[in-house]
Amino acid sequence: YENAIELNPAFAAGHYNLSIVLMQNGRADGALAHLQRAIEINPGFGDAHRNLGALLQDKGRQDEAAVHYQTAIEINGDDVQALNNLAFLLAAADKASLRDGKKALRLAGQASKLTGGSNPFILGAQAAAHAEVGDFSEAVGTLERAIPLAESQGRADLAALLYLVSGVLFIL
């Protein structure tokens, strides 16, 4: 991808693809720069906005992450990853001013509908959104659906985390 970018610095897909390789190799700062360049070249590059949102969220820059997730959703309303990531961020953001449980519920519900309710990550975001709006029984019920899904998909680590969270919510 570096050769393609060298030949054509305005090749947005080249910058995007290189960012993926850089992320896979633990070079987040380089990936961030290439995602920003891809978006500068093509502001309508939804996948680049979504991935930039994820990188920014990993760096604790939640406000910026939310903007890029929202842009990705505006570009492609069926972007399940962007819907889920923004839903979880709005349900569990460090900053109370960024939290919006009702919007998180709507986004997670849309993502769940698009995946037929079979994605335990999305159900986890949906549970977080229910908890954010104070509906703890629905949050626990959603986690109880997510846990066996995670187990059946070979994600014992996720199932254990969801089980732990459901125990905490059950106490509340």
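Computed from a predicted structure; not experimentally measured. (Residues numbered from 1 in each chain as written. Predicted model: local features only at pLDDT ≥ 70, side-chain atom pairs only at ≥ 80, totals over all residues. Heavy atoms only, no water.)

K.L.:
Looking at this model, I keep getting lost on helix 4 (residues 46-58). Mind explaining?
P.N.:
Because an α-helix completes one turn every 3.6 residues, residues spaced three or four positions apart along the sequence face the same direction. Over its 13 residues, helix 4 runs 19 Å from end to end, which matches the ideal 18 Å to within 8%, given 1.5 Å per residue. All of the buried residues in helix 4 are Gly 46, Ala 48, His 49, Arg 50, Asn 51, Leu 52, Gly 53, Leu 55 and Leu 56. Check the buried side of helix 4 and you find it contacts helix 2 (12-24), helix 3 (28-41), helix 5 (62-75) and helix 6 (80-92). Looking one or two residues beyond helix 4, the residue adopting positive phi is Gly 60, at roughly 80 degrees. (Helix = DSSP H or I, 4+ residues; strand = E, 2+ residues; numbered from the N terminus. Expected span 1.5 Å × (residues − 1). Buried < 20%, exposed > 50% of the residue type's maximum accessible area, 1.4 Å probe, protein only. Contact = heavy atoms within 4.5 Å.)

K.L.:
Hey, could you run me through the layout of surface pockets in this one?
P.N.:
Space left empty within the atom packing is revealed by a probe, the size of a water molecule, rolled over the atoms. In this model, the largest pocket occupies a volume close to 450 Å³. If you go around the largest pocket, you meet 20 residues; those closest to its centre are Phe 88, Gly 124, Ala 125, Ala 128 and Leu 162. Secondary structure elements with two or more residues in the lining of the largest pocket: helix 6, helix 8 (120-132) and helix 10 (156-171). The leading source of residues in the lining of the largest pocket is helix 8, at seven residues. For the lining of the largest pocket, a count of residues per class yields 16 nonpolar, four polar and no charged. Approximately 250 Å³ is the volume attributed to the second largest pocket. As for the second largest pocket, its lining consists of 13 residues, of which Arg 50, Asn 51, Ala 54, Gln 81 and Asn 85 are closest to the centre. Those elements that provide at least two residues to the lining of the second largest pocket are helix 4, helix 6 and helix 8. At five residues, the largest contribution of residues to the lining of the second largest pocket is made by helix 4. Residue classes in the lining of the second largest pocket are distributed as six nonpolar, five polar and two charged. (1 Å grid on protein atoms, 1.4 Å probe; cavity = no way out; pocket = protein on both sides within 12 Å on 5 of 7 lines; lining within 4 Å. Points joined across faces, edges and corners; volume = space filled by probe spheres on them. Nonpolar A, V, L, I, M, F, W, Y, C, P; charged D, E, K, R; others polar.)

K.L.:
Looking at this structure, I do not really get the side chain of Gln 62. What am I missing?
P.N.:
Along the chain, the position of Gln 62 falls in helix 5. Gln 62 sits in the buried class, given a relative accessible area of 12%. In contact with Gln 62, other than residues within four places in its own chain, are Leu 89, Ala 93, Asp 94, Lys 95 and Leu 98.

K.L.:
Just to check I follow, could you spell out the nonpolar core for this structure?
P.N.:
Here is a general trend for soluble globular proteins: nonpolar side chains tend to be buried in one another's company. Within the largest apolar cluster, 37 residues are counted, with the highest numbers of intra-cluster contacts made by Ala 48, Leu 86, Leu 89 and Leu 107. Of all the elements in the fold, those that place two or more residues in this core are helix 2, helix 3, helix 4, helix 5, helix 6, helix 7 (101-114) and helix 8. Looking at which element gives the most residues to this core, the answer is helix 6, with seven residues. What Leu 107 contacts, discounting residues up to four positions off in sequence, is Ile 73, Leu 83, Leu 86, Ala 87 and Leu 90. Leu 123, Ala 131, Ala 146 and Leu 162 belong to the second-largest nonpolar core, a separate cluster that totals 11 residues. (Core = buried A, V, L, I, M, F, W, Y, C linked by side-chain atoms within 4.5 Å.)

K.L.:
Can you help me understand the confidence of the model for the chain in this one?
P.N.:
The predicted coordinates ought not to be read in detail in places where the model reports low pLDDT. Averaged over all residues, the pLDDT of the chain equals 93, while 97% of them reach at least 70. Least confident of the elements in the chain is helix 1 (residues 2-7), whose mean pLDDT is 75; most confident is helix 5, at 98. (pLDDT = per-residue confidence, 0-100.)

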